[in-house]
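The lines below spell out each chain.
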Amino acid sequence: MSWTFTDDVGAFLETAGPSLAARPAENTLLLTVTATLRDGGPHAYGAGDPVLGWWRGADGEVAGALVRTPPHPPVLGSAAPEAVAALADALPLPRIDADRAAATALAARWPRHRVDEEHRLYRLGTAVPPSPAPAGRPRAADTADRALLVAWTRAFCAETGQSGDRAERVVDERTAHGGLTLWETDGAPVSMAGVSRRIAGTVRVSAVYTPPEHRGRGYAAAVTAEAGRLAREDGAAEVLLFADLANPTSNALYLRIGYEAVSDRLLITAEPE
């Protein structure tokens, strides 16, 4: 019963991929990150080499997985308690993104820690159209919208404390597979929502963004609902999204249109005693 680490995404997916796909909601971050590494190369997220790990239980089955793409913190997927307990001894962990139970267990080994972010994972249950419906209509984004989409993606990243370095690449990839939806009024876009490629039957809605001057009119709810509807129509078995628990407005919005809470994730950082 031990952790194994590699920088080879192919070897990781061959070994741990079936375990991740068996629980796609809990492993949605690992599935999308490793797909990007597989398609974009080991330095898709930065110059540092990735670290990909898996843990096998006494029965030889993979029961835990982790991915670190410097400069981003390690992301722990679904993991047995024994895997979580062994992780701190197997890999230096000054910071980690993990589900609440695993994060709390790891933090208990540190003299002190802080919680930098708390996010809730939601899955779409019975879709509920926004009521009242806002003015306007949805449409698929295309290459003619690229400059606007890149600007909005960078603005979204700035507001959520993320790097906007990959904005152009993300926009191009999502436009290519029809993964960006716009809401427009009077022929002008006023809100957007992105959807990841389908992996293990699931997609994840992200980068829901409305410029400040257009907020408070229901556009975000409408474009998010449309993105989820399209994903289901395209064959997704699960439509997921994360919401920052520090933003009660977005959490309430997703609940109103039919999303249901699955689990919470914490980004925690060790601090000196």
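Just so it is clear, the model here is predicted, and its values are computed rather than measured.

Caption draft 1: Summary view of the nonpolar core. Of all hydrophobic cores here, the largest spans 24 residues; its most connected members are Val 205, Val 239, Tyr 254 and Tyr 259. Every element with two or more residues in this core is listed here: β6 (112–124), β9 (188–195), β10 (202–209), α7 (219–233), β11 (238–244) and α8 (248–256). Of all the elements, α7 adds the most residues to this core, at 7 residues. Ignoring any residue separated from it by four or fewer positions in sequence, one finds Val 239 in contact with Tyr 122, Arg 123, Leu 124, Val 203, Val 205, Gly 228, Ala 231, Arg 232 and Tyr 259. Counting 19 residues, the second largest nonpolar core, distinct from the first, contains Leu 76, Ala 80, Val 84 and Ala 107.

Caption draft 2: Structural view of the packing of aromatic side chains. This structure, assessed with the given rule, holds 5 aromatic pairs. Relative to Phe 5, the ring of Trp 3 has its centre 5.9 Å away and its plane inclined at 5°; by these criteria the two rings are stacked. In textbook terms, an aromatic cluster arises when at least three aromatic residues are bridged by ring pairs, as seen for Tyr 122, Tyr 254 and Tyr 259. Stacked on the ring of Tyr 45, the Lys or Arg Arg 166 has its end atom at 4.6 Å from the ring centre.

Caption draft 3: Summary view of the packing of helix α1 (residues 9–22) against helix α2 (residues 28–40). Axis separation between α1 and α2 bottoms out at 11 Å; the angle between their running directions is 155°. Relative to α2, the element α1 lies roughly antiparallel. At the point where α1 passes α2, the crossing takes the left-handed sense. Within the contact between the two elements, α1 uses Val 9, Phe 12, Leu 13, Leu 20 and Ala 21 and α2 uses Leu 30, Leu 31, Thr 34, Leu 37 and Arg 38. Taken together, the residues that form the contact of α1 with α2 break down as 8 nonpolar, 1 polar and 1 charged.

Caption draft 4: Just helix α3 (residues 81–90), in detail. When α3 is considered as a whole, its buried residues turn out to be Ala 83, Val 84 and Leu 87. Buried positions in α3, seen along its axis, are confined to an arc of 100° and lie on one side of it. Opposite its buried face, α3 presents the exposed residues Pro 81 and Asp 89, each directed more than 90 degrees away. Contacts made by the buried residues of α3 are with β1 (3–6), β2 (51–56), β3 (62–68), β4 (75–79), β5 (95–99) and α4 (100–107).

Caption draft 5: Highlighting the environment of Glu 26. Note that Glu 26 resides in the loop between α1 and α2. Each C-alpha atom, one on Glu 26 and one on Ala 200, is 12 Å from the other, the two residues being 174 residues apart in sequence. With residues up to four places along the chain from it excluded, the contact list for Glu 26 reads Ser 78 and Arg 265. A polar contact is formed between the side chain of Glu 26 and the side chain of Arg 23, at a distance of 3.4 Å.

Cut-off values and rules
- Residues numbered from 1 in each chain as written.
- Predicted model: local features only at pLDDT ≥ 70, side-chain atom pairs only at ≥ 80, totals over all residues.
- Heavy atoms only, no water.
- Core = buried A, V, L, I, M, F, W, Y, C linked by side-chain atoms within 4.5 Å.
- Buried < 20%, exposed > 50% of the residue type's maximum accessible area, 1.4 Å probe, protein only.
- Helix = DSSP H or I, 4+ residues; strand = E, 2+ residues; numbered from the N terminus.
- Contact = heavy atoms within 4.5 Å.
- Phe/Tyr/Trp six-rings, centres within 6.5 Å; stacked < 30°, edge-to-face > 60°.
- Lys NZ or Arg CZ within 6 Å of the ring centre and 35° of its normal.
- Axes fitted to C-alpha atoms, helices over the stretch in contact; angles between N-to-C directions.
- Parallel < 35°, antiparallel > 145°, perpendicular 65-115°, else oblique.
- Left-handed = near helix turned anticlockwise from the far one by under 90°.
- Nonpolar A, V, L, I, M, F, W, Y, C, P; charged D, E, K, R; others polar.
- Arc of directions from axis to C-beta.
- Polar contact = N/O pair within 3.5 Å; in protein donor to acceptor, adjacent residues only side chain to side chain.

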